[in-house]
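# Coordinates in review
Here is what each chain is made of, one letter per residue.
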Amino acid sequence: MAKRLSLFAAAVRLVAGKDLRLEARTRVGLAQVLPFAVLVLVVMAFALDAESELLVRVSPGLFWVTVTFAAILMVGRSAALEIEPGVGDALRLSGVSPSALYLGKTIAVALQLLVLEAVLVVAIAILYRTPLAGWILGAATLLTATAGIAALGTLLAALASSARGRESLIPLLMLPVLAPVLIGATRATDAALGTSDGRQGWPWVALLAVFALSYVTLGALAYRPLMEDS
Amino acid sequence: MTTAHPTHASEEEASDSAGPTGTGSVATRVLGLFILVGGVLLAALGLALTDPDVQLGERMRPIYVHVPTVSAAYVLFVLNAVGSAMWLWRKSRFWDQVAAAAAEVGLVFLGLTLLTGAFWGRITWGVYWDWDARLTSTLVMFLAYLGYVALRGSMEDPAARATRSAVVGISAALLIPLVHKSVDWWRSYHQDRTLFGQLDPSIDGLQLFTLFLGLSLGMALAAWLLIHRFRVGWLAMQAEEGGLDDALAARRAEAASAADGVEVEAGGVADLVAAPPAEKEQP
Amino acid sequence: MMVALHQITAQQITADNPWPLIWLAWAVTFGTFGAYAVALVRRGRRLSSQVPQNRRRFLSSDGHDGATHG
C-alpha cells in the first residue's frame, strides 16, 4: 500500500515536473500570460479612470478576475501539451495512472498560477497603491482559491481539448463553475485587506477549500474515462 | 401550458402499418392532451378565477408559472447528473441521451424562470434584476448548463462526446450546492433577509390548488418534452450511425459489383442497401 | 433603483398597472413551450424519415432499457 502510494506520488511529481520543464523551456507563461495579466490590470485602470480610491476598493475583485483570465490561457496551454501528436499514446504506454497525470498537471498549473499571483500582488500594490495587509488570511485564500481554479481548469481544458472552438469553449465552461471561487476569493481578500468591514474571511476560505477538494476528487476520478474515450 | 402533439389520423394509420414515423407515441399523446387541458385550466385559474393575493395583489399571478418552471428545471438537472453518471458507469447510450435531453429541456425551463422572474421583479420591486441570492444562483446554473449544451454541440464522436459532457454534467451538479451556499453568504452580507421571507404570499384554497396544478403540469410538461427530446436525440444518433453503416454497405456493394463488372447506378444503391448481396465471389 | 429589497413591504409596492407584464410572463412561458414542442416534433419527423425502420428503437412506449455497451 505504502509502496503503491509512493509510486503514485512519484508519477505525480514526474508529470508536474514535465509540464514545468516544458514551461521553463518554452517560456509561454512567462513571456505571454504574465505580461497579459499585468496588461489587464493596466487596462482596468484606464477603464475605471485611474481613480485611486475606487481602484483600491475594487482591487480584490480585479485581482481575481485577472487571475481567472490568466488561468483560462494557462490551462488551455497545459491541455494543448497532451494533444500534440503521439503524446496521448506515449502517456498510455508509460503506465502513468490517469489520476496521477491529472494531479500532476493540476499541481503544475497551480504552481505557475501562484507565481503569477505573486507578481500580480506586487503589481496591484504599486499600480493601484493598494495597502497590503492580512498576510495569513491572504495566503490561505491564495492557496485554496488557486487549488480550486487549477483543479477545475485542468479538468475542463482536457475535456474541451478536442472540441470545435475550444478556445472559446474553455471560458464558457469554466467561468460559471468558478462563480463560487470568484465570490469567495474576492470576499476573503476583501477581509484580509481590511477594505471591507464585517464578515470574516475564514468561512470563505473553508468554502474555497471544499470547492477545491470537490473538483480535485472529480478530476482524479474522471480523468481515466476521459483518456480512454478520447 | 401549450403543447403541440401529433394526432393526425393519417399519421396514426401510418404508424400502425410501418412503425413510428415521429417522436410521438400513444403515451405521449395522452399526456399531451392532459397537458393541453390542464394548461387551459391553469391559465383560467391563474389569470382570472383566483383572488388576488392578500399581500401581493395581482402581482401574485406570474408566480403560478414561475415556480413550476424552476422546480421542473432542477429536477431535470438532477436527471442530467444521473444520466451522466450512468454513462460513465455503464457506458449506456440510453442514459447519455437522457442526460442530453434533460440538460436542453432544463435549460428551456430555467431560461423561462429567469424571464418570468424578471417580469415579476419589475412589477413587485420595480427592477428587472437584482443581485439577490436566488436570482444569482439561478443565473449561474443557467450559464453552466449553457456550457454543457455548447460542449455537446461542438463534438462529433459520440463516445468522446458522451464522456466529456458527462463530466461537465457532474461538475455542474456539484456546483448546485456550492453556488447556493456562496451566493447565500454573499448576499446575506448585504441584506439581512431574503426577499421571499418578507413577501410570503398568504395562500387560500383555490390559490393553493392553482399552485399545485401548475407544479404538476410543469412536471408533466417536463416529462413530455424530455421524452420527445430524447427520441429526437436517439434518432439523430441512429441517423448518423445509420448513415455511416449505409455508406459502408454501399461501398462494399459497389466493390462487389465492380468485381462482377456490373455498373452501380446512383438509384441502385438504396436497393442494394435494403437487400445486401450475399457475400459471394470475393476476388 | 438599487433599493435594499428587505425594506420593501407590501404597502410600498407601487401602484403601477401590473397586467401587461403579467400577461407577458404567461404568454412568453406558453409561447416558448409551444414553439419548442412544435420544433421537437418536427425535428423528430424529419429525422425518423432518415432512419431505417430497424433502427427506430425507443420511439414507441415499449422501449427496452438500452444499456448498449460500447
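Summarised in this report is the structure supplied together with it. (Residues numbered from 1 in each chain as written. Chains lettered and ligands numbered in written order. Predicted model: local features only at pLDDT ≥ 70, side-chain atom pairs only at ≥ 80, totals over all residues.)

Moving on: the overall build of chain A. Along the backbone of chain A there are nine helices and zero strands. Secondary structure of chain A in N-to-C order comes out as α-α-α-α-α-α-α-α-α. The C-alpha atoms of chain A give 18 Å as radius of gyration, which agrees with the globular expectation for 230 residues (17 Å, within 12%). Its C-alpha atoms give chain A principal-axis dimensions of about 55 × 35 × 30 Å. (Helix = DSSP H or I, 4+ residues; strand = E, 2+ residues; numbered from the N terminus. Rg over C-alpha atoms; globule rule 2.2 N^0.38 Å.)

Turning to the interface of chain A and chain B, a few remarks are in order. The interface is formed by 30 residues belonging to chain A together with 28 residues belonging to chain B. Among the elements of the structure, α6 (135-160), α7 (166-177), α8 (179-193) and α9 (202-228) of chain A are those that each provide at least two residues to the side of chain A that touches chain B. Looking at the side of chain A that touches chain B element by element, the count peaks at nine residues for α9 of chain A. Tallied by class, residues from the side of chain A that touches chain B come to 20 nonpolar, six polar and four charged. (Contact = placed C-beta atoms within 7 Å. Nonpolar A, V, L, I, M, F, W, Y, C, P; charged D, E, K, R; others polar.)

Next up on the list: the packing of helix α3 (residues 52-82) of chain A against helix α5 (residues 98-127) of chain A. Axis angle and axis distance: for two packed helices, these are the angle between their axes and the distance between the axes, and together they describe the pair. Residues and elements named next belong to chain A. At their nearest, the axes of α3 and α5 sit 10 Å apart, and the two run at 145° to each other. Crossing of α3 against α5: the hand is right-handed. Across from S59, F63, T66, V67, A70, A71, M74, V75 and S78 in α3, the residues of α5 making contact are K105, A108, V109, Q112, L113, L116, E117, L120 and I124. Split into classes, the residues belonging to the contact of α3 with α5 amount to 12 nonpolar, four polar and two charged. (Axes fitted to C-alpha atoms, helices over the stretch in contact; angles between N-to-C directions. Left-handed = near helix turned anticlockwise from the far one by under 90°.)

So, on to unusual backbone geometry. All names here are of chain A. Residues other than glycine seldom take positive phi values, yet R27 does so here, at roughly 60°. Mapped onto the elements, R27 comes out in the loop between α1 (2-26) and α2 (28-47). The exposure class of R27 is exposed, given the 11 C-beta atoms found within 10 Å. A positive phi angle, near 65°, is found at D49, a position not held by glycine. Mapping D49 onto the fold places it in the loop between α2 and α3. (Buried ≥ 20, exposed ≤ 12 C-beta atoms within 10 Å, placed from the backbone.)

Note that an α-helix has 3.6 residues per turn; residues three or four places apart therefore point the same way. Given a rise of 1.5 Å per residue, 26 residues ought to cover 38 Å, and the 36 Å separating the end C-alpha atoms of α6 of chain A matches this to within 8%. Across the 26 residues of α6 of chain A, 21 count as buried, placing the element largely inside the fold. (Expected span 1.5 Å × (residues − 1).)

Glancing now at the packing of α2 of chain A against α5 of chain A. All names here are of chain A. Running from N to C, α2 and α5 cross one another at 35°; their axes reach a closest spacing of 11 Å. At the point where α2 passes α5, the crossing takes the right-handed sense. Residues G29, V33, L34, A37, V38, L41 and A45 of α2 lie in contact with α5, whose contacting residues are Q112, L116, V119, L120, A123, I124 and L127. Here the residues of the contact of α2 with α5 are counted per class, giving 12 nonpolar, two polar and no charged.

This part takes up the environment of A188 of chain A. With respect to the secondary-structure elements, A188 of chain A resides in helix α8. Setting aside chain neighbours within four positions, we find A188 of chain A in contact with L137, T141, G201, W204 and V205 of chain A.

By themselves, these figures tell us nothing about what the structure is for.
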